[in-house]
Each structure stands twice: as C-alpha cells, then as structure tokens.
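What follows is the residue order along each chain.
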Amino acid sequence: MPRHKRNFNTIYISERLKDCLHFLSYCPLTTVIAPMGYGKTTAVNWYLEEREKAEDISVVRISVYSDNLMIFWKSVQDAFAYSGFDFLTEYPCPSDMAGSSMLTDDLCHELSGKKPCYIFIDDFHLLKNEDVSVFLCNFANRIPDNVHLIVAGRDRCLPDAQIIRLGAKVHQISADQLKLNHSELTTYAHRCGAELSDEEINSLLYSSEGWFSAIYLNLRAFAEQGALPDCNSDIYTMFTAAMINPLPEKHKEFLAVMGLADEFTVEMAQFITGLSDTENVLASLTEQNAFVKRLSDNVTFRFHHMMKECAERAFLQFPTEKQSCYYNRFGLWYENNKQYLHALKAYGKNGNFDSLLEVILRDAGILLSHLDPADVLRLLDKCPVGILKKHPFSILVLMRSMFNWRNIPKMMELKALLLTSIDEQPEMTEEERGNLLGECDLITSFLMFNDISAMSRLHRSASKQMSRAAVTIQKNGGWTFGSPSILMQYYREPGALKSELREMYECMPHYYKITDGHGQGAEKIMHAEAEFQQGHFNDAHIELESAYARIKDNWQENMALCCDFLSMRLSLCLDTEGPYAFEQRYRELLAHHNSSWINLYNACCAYYFALTHEEDRIPEIFRYHKLSEINLLAPGKPIIDMIENQVYLMQGAYAKVIGRSEGLFGVCSNMHYKLVDIHISIQTASAYKMLGKHEKAKCLLLKTMDAAVPDGFIMPFVENYYYIDELLCECMDYNKKFTSRIAEFGNRYEKRRVGMCCKHIRQKSLERLTEREYEIVGLMAQRLSNREIAERLFLSEGSVKQYINQIYSKLYIGGDTRTKRSKLLNMINGNI
C-alpha cells in the first residue's frame, strides 16, 4: 500500500466544526473562544476564504497585538482601508460614549448594503479595554443585516451581561467545537501522511486532549523520530524541538529576531536582520512551517503566538550586545516610519535613552498622551539625569504631558531640570536658548489659567524670546477645554471687565505668534460676549462677525463653535440668524468625526433650547442627563454643568437645581468663574421662586445683582426672566436703573422667545402637509373662497373641501367651519 506524502501544512476542518462555522453568515456577532493553539484563526480564515470563493464579499481582518488602544485603532484604520473602506483613515479614536455612538452610526451607514461584509478581530484577549468590548456589543445590536462581526480570543473577552442581552444575535464557538475527537484525529493524521496505529491514536488523543497544536507538534515529532514524544513533554519544549531546532542557524536567528515584531514586511525584516536574501528565507519558512503566515495583503507576515513565545525565549539567549543591536534597529525602523509608540518600547527595552528622548520630541506628546502616565514615569526614573539634560526640547514635551496628566510636581521638577540644562550648556546659541526659555514660559502659563494678567506676562516673555512656533501646542487642538464660552472662563471678578478685555487684546497676539494662531479670534469672541451680556446687541453682532471672519479657513473649529454659542443666544435678541441652520451645522460637524466638537455643539444647542423651552430639541446627552458618558476637561466642566442646570430648570426639576448649587458654587469660587457663578445663582433663585420659597429666592437674587451691577451684566437675568419677572418687581428699589433695564429687555426677550417658538411650531405643523395641501393653505391665506381655489387649481369644489378637511385634521384645528379657517389664518400669520 503506497505511503501518503507528508504534508503538515494541510488545513483540516472537521465536519462538526464546519457546521458551527456555517452560522457566521447568519449571526450579527460570533465569538470564538479557546486557549492558544486550538486553531481559532485558521478555522475562521478557512470559512472566510470559502465564502470568498462562493460569492462577492468584503472581509476586514484586524489583529490585536497589545493592550494599547492607539495601536489597536491604527490596526483598525489600516484594515478597513486595505478592504476598500477609507472612511476611518482620518477618524479620531473615540474617547467617550458620544464618540463611540458616532462611530457606530458611521459604521452602520458605510457598511450597510447587499454585499456581505465580515469583520474579523483576532487575539482580542490582548486588549484589556472594557469600553471596546461594550462598543462591540452595542455595534452588534445595531449591525446591518449584511454585516457580521467575528471576535476571537483566548478567554471570555465580552461582558456576560452584554452577551445575555444580545441573545440569539450572538453565536458562540468554544474549545469543545475546535478540538479533535477520535475519528477527526484519525482523519487529520492520515491527511498529514502519518500512519498511526489505534493505540497511538488513543495515546495521542489522551495526551493532547484534542488540542490542535499539540497534535500537530506530536505528528511532526513522529515524522522525525518514528515515535510519539513523551506525554509529559512541555509544549514549548516540543515546539522548539520540532519547529526551530532542525532549522539552519541563519533561519533560527531570523525567527528569534523577527519574533519581536507584531507584523513585518520583507523590507522591514531585511532592515532589521541585515539579510540580503530575506525573501527566500521567508518563502522557505512559510512553506515548511504552519506557524509563520503571510497575511491576506500578500505583503505582511506574522508569527503564531506560540512561535513568538519560543522565538522571544531564544532571543533572550543572545549576548547582551547582540540584543542591543537588534533593539536599536527595531527602534530606528519604527521611528523612521512614525510608529513612535513601538519605537519608544524598543529603545526603552534597550536602555537607549538618547534615541527614546528624540522620539518623544518628534511625537510632540501626541501619541505619548495615550500611554499610561505611570509607565512614562517609570521610563523617566530609569533615564540618567545627565542624558535627560542633553535633550532640553524633549523635556519641554514631557513638561506639557505632565501638565495634561495633572502631575504638577513632576512638571515643576522637569522645569527646574530644564533650566539647569540650559545653564550647563554655554555653547548653546542664543536663538536656541530663547526658544527653550520662551516655550518653558508658555507651558508654565497654563498653571495661571484664567488669570489673564499672569498669563499675559509669560506670553509676552515667550513671544520676546522665541523665533519659531512652539513644539508642544497643536494648532488644531481645542483652546477652551470644551467650554462654549470664553468670557465665562476668563471673567474673574466684578468690575474688572474692562481691564480683562484690554489685557486679552494685548496678550493674544503674542500667544498667536508662538502657537501659529492657536485659539485665533479669542479676544474678539470675548469682547462680543461682553457686549451681549451688557445688552449691546448690535455691538455684540459686529464683534461676532469680526470673530467669524478671523477664524474662517483657519481650522479653528473650537473657536467657531464658541461663535455659534453666542450667535444662537443673540438670535433671541436681534433680527439676525446664525450662519448655519441647526441641522445643517450638525451634519457639517459630523463629517469631521470629532466627538469633542459634537459634544461642544450639543452644549450650545442644549442651552439655547432650554432658553426657548423646546425640550424635544435638546440633545439627548443633556435632555436625559447622561454627561457621565462623555469626557469633560476640568476647565470646561463648570460651564457644561451650568448648561445642564438650565436644562434641569426648564424641565421643572427645581429641587435638583437647588441641590446641585452648593457644589457648583464651590467649584466656581475655586476657579474664579464669576460669570458662571452669576448664572448658577440666578438659576437657583429661579428654582426657589418656582417652589414658593419666596424670601430665599429674593435674597439670592439681590446678592447676585451685587455681582452683576459693576459691569452691567443684565443678560443672565434676562435669559431667566420667565422665572424671575415677579420677583424682579419687588427688587426695583435696589437699583432702579439696573432692574428697570432688566425688565425692559426681559419683556422684549420673552415676547421674541415665544414668537420664535410659535414660528417653529407652525413650521413643524405645516411640514405634515402634502405639496397640494400646502398649496391650498397658501391660497386660503390670500382669502380665496373654496370655489376660487377650485378654479385656480382646476379641481372640483368638493375636492377642495375634502383637502381642507384633511388640513384641519392634520393641524389639529377644531370648531365650526368659520372658526376653523380663522384659526388656520392665525397659525399662518403667527398669531398663536
């Protein structure tokens, strides 16, 4: 009987497993959970390749290599782009629930259709991030019918509660379906060309418990030695003996070195190993070894985790000098390809702190911010002070990072080190010295946040010394820390408005010079807000348009949103509309996929619609008070809390407004947010008044006037005139000129607010009508009779009556025929 040719790279999928895999095409989510070496990746890839042969499908393969979210996100972007979906290329990694929800919407929109799409995430157990797990389950709950998500890992990586909630939408494959039984093991051994006796099959099944990798390695050993290994052999020892030791020395070293990489190309392997025949080495290894794979792009290679583990063990046996040489090559490759997190890891393992600090400078703190601050501190602790002092510009980046992480003691420690470094380098040019000292002043100024005088001194100093833009500030980054108002952040004390505005105008040009225009238009927006708060609406409008002009085409969306916030509020006082309709503006922002901009715009809309009492138009995140689901930066949070308070007030949650006030007052006092304090005080007084606690309300309102009078801030009172009008009448003797002005503006404001609400109601009501019905309404507005309308539209008079009755029904207009028409005309003309 002829012997079967041995082929250990054969792929064997049992009929039992095929039946399980069949459900991948019918379930939104499939989880494949089993320990290493059970063939999870092989099974899923086999099924997807079979589907590709049978029909036109899209496959997105994503591999997880570490617990770093940014590295994972880059893998996601690359995988989607390779599969022809480029909409994630410039998409920022979601940082909160709002960003995750936006990503879900975009995925569903872009992937839905008739063409089946499979998203396969492999080795998901390496990403220890609960937020990603929850996101995948939420996505699976909304996934289009043609999209199927497959998640493979070594342990249960999705929350049990979410899996239960998904119910029949999730299909689970475990080790029980992946491991081989007696008949399957017999078939597989036969296909590999290994003729085992029943006794040997039973022995192998007993020792391996159906574990695919163990079976594979045993069969390799059987082919080499003619007998199965000892059942007590360690799997890694078996692997090394079967897969690495028989190789030529050059191939062994190649595996040991490239095992350090998550993925690699021929070009990368050639650079790292220095081998000129890298392509031949890889061809030989992939032909002989099932644990070295060329990925579907036909360019990238990766090792199975078992191979990587054994390769890394072999690498650690190299002499220290040899390891160091390879770590440096890895670091240089990653650095040149702007994979800075990988470069930091390679240089850090080698203790090459000079190169590590250069990478920190090149990254400018962008990717560094996604590392665990504790890991960065551990790296710094290992770095000799002498080397750190040789890299003063890197110290600047680290100072800024420490500020972002609120580690101020470490920031100040680095500042002292920077100044020492500059003093100890007399050969440094004056220009370089000036740039270092200037940017140091710029970073230090952040500690004086919202003290314009103190910040201005440091910005002037920085501007005087620096000859180039700062390396630690990104022009397109947010300037207001998520606040829609600049005045609310920088107004510190009653009576100081004029001096604060003057200092802002003097300070900002210096800041723009050293940051390439970051925060462009801030002084104009603050000026416009001040004019608005004082009731000078035309002046506010002029300054607002000037601010819009300053930031146009300057990639300062954060500043444009601050303009939008004022524009919305101004529209309730002047016959002018904002530059965008609400829905159009929202769509424009969505196109950028920036959740921080969406959160900021939602805050603007929440305040506006709370003022107009249109609860149904308040964004859900505020309407249902889910702000805990989004990231709020400390300097912007008090303003956002004030906006949420306005929503609570409009919703009639008066006790909630009062209960929150004590904590909010404390924060405003600590941060010197006097204008925010004024708003919250009026909201609280309004809540007391609505609950019938008259004296408390009046006492608080009078106290708030003391703070508002010095700079003539009437608008916080005017915007809440709906609640405090009666209360205000009792305060007329306090400051008649000030209170009379509030009453005058308040009455006009309320009339305009009600009118705008009615206009919106009319528009929404008329939207229910068909084109023909709308046409008839227009003719009725011209006072035409039914007969005249019929003649004009070439209809019978009976048809016109029928249309008119449908119109009354859709607009909920009741009464007799004459009063119905009168009510309709009143609705059209705005008299409701």
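Residues numbered from 1 in each chain as written. Predicted model: local features only at pLDDT ≥ 70, side-chain atom pairs only at ≥ 80, totals over all residues. Heavy atoms only, no water.

Engineer: I'd like to hear about the packing of aromatic side chains, residue by residue, with values.
Structural biologist: Applying the stated rule across the entire model yields 29 aromatic pairs. Taken together, a centroid distance of 6.2 Å and an interplanar angle of 65° make the contact between W73 and Y91 edge-to-face. With W73 in helix α3 (residues 69–82) and Y91 in the loop between α3 and α4 (97–111), this residue pair connects regions lying 18 residues apart in the sequence. Side by side, W73 and Y91 carry an identical accessibility label, which is buried. On the basis of an interplanar angle of 70° and a centroid distance of 5.6 Å, the ring pair of F537 and F745 is categorised as edge-to-face. With F537 in helix α28 (residues 537–551) and F745 in helix α39 (residues 736–766), this pair connects stretches of sequence that are 208 residues apart. Residue classification places F745 among the buried residues on the basis of a relative accessible area of 10%. Members of the aromatic cluster, each reached through a chain of ring pairs, are F254, F264, F301 and F303. (Phe/Tyr/Trp six-rings, centres within 6.5 Å; stacked < 30°, edge-to-face > 60°. Helix = DSSP H or I, 4+ residues; strand = E, 2+ residues; numbered from the N terminus. Buried < 20%, exposed > 50% of the residue type's maximum accessible area, 1.4 Å probe, protein only.)

Engineer: Any chance you could break down the sheet that holds strand β7 (residues 292–294) for me, citing the residues and the numbers?
Structural biologist: Taking strand neighbours across the sheet as the criterion, the three strands line up as β6-β8-β7 in an open arrangement whose pairing is antiparallel. Bordering the open sheet on either side are β6 (264–265) and β7, each of which pairs with just one other strand. Across three bridges, β7 lies against strand β8 (residues 300–303) in antiparallel orientation. What sits directly across from V292, in β8, is F303. (Pairing = 2+ DSSP bridges.)

Engineer: Explain the pattern of salt bridges to me, and be specific about the residues and the numbers.
Structural biologist: Using the criterion set out here, one finds 39 salt bridges in the structure. Put simply, E50 and K53 hold a salt bridge, and the shortest N to O gap is 3.2 Å. Highlighted residues: E50 and K53, both in helix α2 (residues 40–54), separated by three residues, approximately one helical turn. Overall, K53 belongs to the exposed group, its relative accessible area being 67%. With a closest N to O distance of 2.9 Å, D123 and R302 form a salt bridge. With D123 in the loop between β3 (117–122) and α5 (130–142) and R302 in strand β8, the pair connects residues that are 179 residues apart, well separated along the chain. We classify D123 as buried; its relative accessible area is 6%. On the accessibility criterion, R302 (10% relative accessible area) is buried. (Salt bridge = Lys/Arg side-chain N within 4 Å of Asp/Glu carboxyl O.)

Engineer: I'd like to hear about the sheet that holds β3, residue by residue, with values.
Structural biologist: Ordered by their spatial adjacency, five strands build an open sheet running β2-β3-β4-β1-β5, and the pairing between neighbours is parallel. The sheet is open, and its two edges are formed by β2 (58–63) and β5 (170–174), each paired on a single side. The average undirected angle you get between the axes of adjacent strands in this sheet is 15°. Here five bridges tie strand β1 (residues 29–33) to strand β4 (residues 147–153), and the two strands are oriented parallel to one another. Paired with T31 across the strands is V151, a residue of β4. (Axes fitted to C-alpha atoms, helices over the stretch in contact; angles between N-to-C directions.)

Engineer: So what about a nonpolar patch on the surface? Which residues, and what values?
Structural biologist: A cluster of nonpolar residues, M412, L447 and M448, forms a patch on the protein surface that exposes about 210 Å² of accessible area. Following the sequence through the fold, M412 ends up in helix α22 (residues 408–423). Residue classification places M412 among the partly exposed positions, given a relative accessible area of 34%. (Patch = residues over 30% accessible without salt bridge, like charges linked within 9 Å, V, L, I, M, F, W, Y side chains within 5 Å. Areas by Shrake-Rupley, 256 points an atom, 1.4 Å probe, with all protein chains shown as cover.)

Engineer: Outline the pairing of β4, listing residues and values.
Structural biologist: Moving residue by residue along a regular strand, the side chains alternate between the two faces of the sheet. Burial within β4 is extensive, with seven of its seven residues counted as buried. Where β3 and β4 come together, five bridges link them in parallel fashion. The residue of β4 that forms the bridge with F120 is I150. Handedness of the crossover joining β3 and β4 through α5 is recorded here as right-handed. (Right-handed = clockwise from strand over helix to strand, strands pointing away.)

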